[in-house]
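A look at the structure
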Amino acid sequence: MLFPPNARNILPALIILASIPLSSYGQDNLAQWENFDFAGSSIKSSQVQSMPLEDLKLLRGIVFGRHGRIFKDAEIKYFLESKSWYKPSSEFKNSMLNDVERRNLDVIRIAEASKHGTIQPGDMRYWRDRPITARKLGSHSGAEWKVLVAEVEAIHGKRFDDEPWLQQYFEERYWYEPSAIYDSKKLSPIERKNISMLADAQKRQRRVALLPGDMELFENKAISEAMLRGLSLHELRLIRNEIYARHGRIFKAPWLQQYFDVQPWYVADENFKDEEMSGNDKLNVETIVRVEKRIHEELSTKPVTRALLEGLFLEDASQMRQEIYARHGKVFKEPWLQKYFSSFEWYMADPNFTDAVLTEVEKKNIATIAAYEKRAVTAMSTIEG
């Protein structure tokens, strides 16, 4: 068989397109939807509820595809590329969608969520008034668990400025409307229970003993260093400061204050003083500080181990690598990264920083973490939502 000169570029797309599982619902019926006016006519749930999951996914692609959105999802991507009307555009923005299109996408997305065997990122609006069962939890990456938990709050407009990748993820969702003032008290009892269910599942899968938000359980109990195994430096900082926050501490670092301001249990107390803490709270802070200090020292004095990196996804690993530079005062071009490290007392900006000040161990650790980052799966590239 003879192929045209550009066959090398065409064949992979054809192979993937051929593997898309178009259901018995039929390609002809999907073709009818291609002519539907999603911008001017509303669809009813009864029109799509009987459609198979794989077809609903492509139907969603058609709505966005009319505006040229480029999908990461291979099935939607190659389905759209097979259509003559599809004109991919890197300029696509959700603001191009009108209210009718958004409502139509809601109908499709809710139908999709109802058919998923286990919950997926993007499903939590369907679960707003439905308790999640253990059977629906499934298995997810660290990034997916974080998105699922955050999505419950994002529905109510919460911003995630302390985690730029997460904020960017939600800004790319057509339904997301960030609010300058987020009130966690607006979460319903079912939503709170679902967050707890997701967080518990995340801990079990990551095989960690605790996560940020758990310190209420240890107000009268001592934690051990072994219980902190598997947590990132960022998570250790949140847990340590959570102990203070549960006493009402007001934080100087804006990102920390913002993080605790939206916690339902946080009540600021201007009269609280750190030295007032005693008992297990004081011991737990000392334990966490000891683990943080050891990780800091090992990043500069010992080769990074696989155990230290295991379980971290790209964004956490990248932050750990940047911390090696920050310890020498590097000034970062990224505003959010500079703001993050500037919030720590140990950070001293040095405009004259060069890589020459790094030790051989630090250089090797930077290379090791960078290699891990390449293997790690970035949250932004795996979650379509």
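Residues numbered from 1 in each chain as written. Predicted model: local features only at pLDDT ≥ 70, side-chain atom pairs only at ≥ 80, totals over all residues. Heavy atoms only, no water.

Once that is clear, we can look at the pattern of salt bridges. Inspection of every chain in the model, using the stated rule, returns 23 salt bridges. Notably, a salt bridge pairs Arg60 with Glu112, separated by 2.6 Å at the nearest N-O pair. Taken together, the positions of Arg60 in helix 4 (residues 53-65) and Glu112 in helix 6 (residues 99-115) put the pair 52 residues apart, joining distant regions of the chain. Assessed through its relative accessible area of 7%, Arg60 is described here as buried. On the basis of relative accessible area, Glu112 is assigned to the buried category, the value being 2%. Where Glu373 meets Arg321, a salt bridge forms, and the shortest distance between an N and an O atom there is 2.4 Å. With Glu373 in helix 16 (residues 360-375) and Arg321 in helix 14 (residues 314-326), this pair connects stretches of sequence that are 52 residues apart. Note on accessibility: Glu373 and Arg321 belong to one class, buried. (Salt bridge = Lys/Arg side-chain N within 4 Å of Asp/Glu carboxyl O. Helix = DSSP H or I, 4+ residues; strand = E, 2+ residues; numbered from the N terminus. Buried < 20%, exposed > 50% of the residue type's maximum accessible area, 1.4 Å probe, protein only.)

This structure, assessed with the given rule, holds 27 aromatic pairs. With 5.0 Å between their ring centres and 20 degrees between their planes, Phe251 and Phe260 make a pair best called stacked. Its end group placed over the ring of Phe64, Arg69 keeps NZ or CZ at 4.6 Å from the ring centre. (Phe/Tyr/Trp six-rings, centres within 6.5 Å; stacked < 30°, edge-to-face > 60°. Lys NZ or Arg CZ within 6 Å of the ring centre and 35° of its normal.)

In this structure, Val48, Leu59, Met124, Phe170 and Leu198 are the most contacted members of the largest nonpolar core, which totals 52 residues. The dominant element in this core, judged by the number of residues it contributes, is helix 7 (residues 142-154), at 8 residues. Those residues in contact with Leu198, other than ones at most four positions away along the chain, are Ile119, Met124, Ile132, Leu137, Trp145, Leu148, Val149 and Val152. Among the nonpolar cores identified, the runner-up in size contains 47 residues, and Leu211, Ala245, Ala326 and Phe344 belong to it. (Core = buried A, V, L, I, M, F, W, Y, C linked by side-chain atoms within 4.5 Å. Contact = heavy atoms within 4.5 Å.)

Contact geometry of helix 14 with helix 15 (residues 335-342) gives a least axis separation of 11 Å together with a crossing angle of 65 degrees. Both helix 14 and helix 15 take part in a crossing whose hand is right-handed. Here Gln319, Gln322, Glu323 and Ala326 of helix 14 lie close against helix 15, whose contacting residues are Trp336, Leu337, Tyr340 and Phe341. A breakdown of the residues in the contact of helix 14 with helix 15 according to their chemical character gives 5 nonpolar, 2 polar and 1 charged. (Axes fitted to C-alpha atoms, helices over the stretch in contact; angles between N-to-C directions. Left-handed = near helix turned anticlockwise from the far one by under 90°. Nonpolar A, V, L, I, M, F, W, Y, C, P; charged D, E, K, R; others polar.)

With respect to the helices and strands, His296 occurs in helix 12 (residues 279-301). With a relative accessible area of 17%, His296 lands in the buried category. In terms of polar contacts, His296 uses its side chain to reach the side chain of Glu323, at 3.1 Å. Residues contacting His296, with those up to four places away along its chain left out, are Leu233, Arg237, Glu323 and Arg327. (Polar contact = N/O pair within 3.5 Å; in protein donor to acceptor, adjacent residues only side chain to side chain.)

With that settled, the discussion passes to the side chain of Gln202. In this structure, Gln202 sits in helix 9 (residues 189-206). Given the relative accessible area of 10%, Gln202 is considered buried. Those residues in contact with Gln202, other than ones at most four positions away along the chain, are Gly142, Trp145, Lys146 and Leu211.

Across the protein chain, pLDDT averages 86, with 89% of residues at or above 70. Ranking the helices and strands of the protein chain by mean pLDDT puts helix 6 first, with 97, and helix 1 (residues 7-19) last, with 47. In this model, residues 1-20 is a region of pLDDT below 50 whose contacts with residues beyond four sequence positions or in other chains number 11 contacts. (pLDDT = per-residue confidence, 0-100.)

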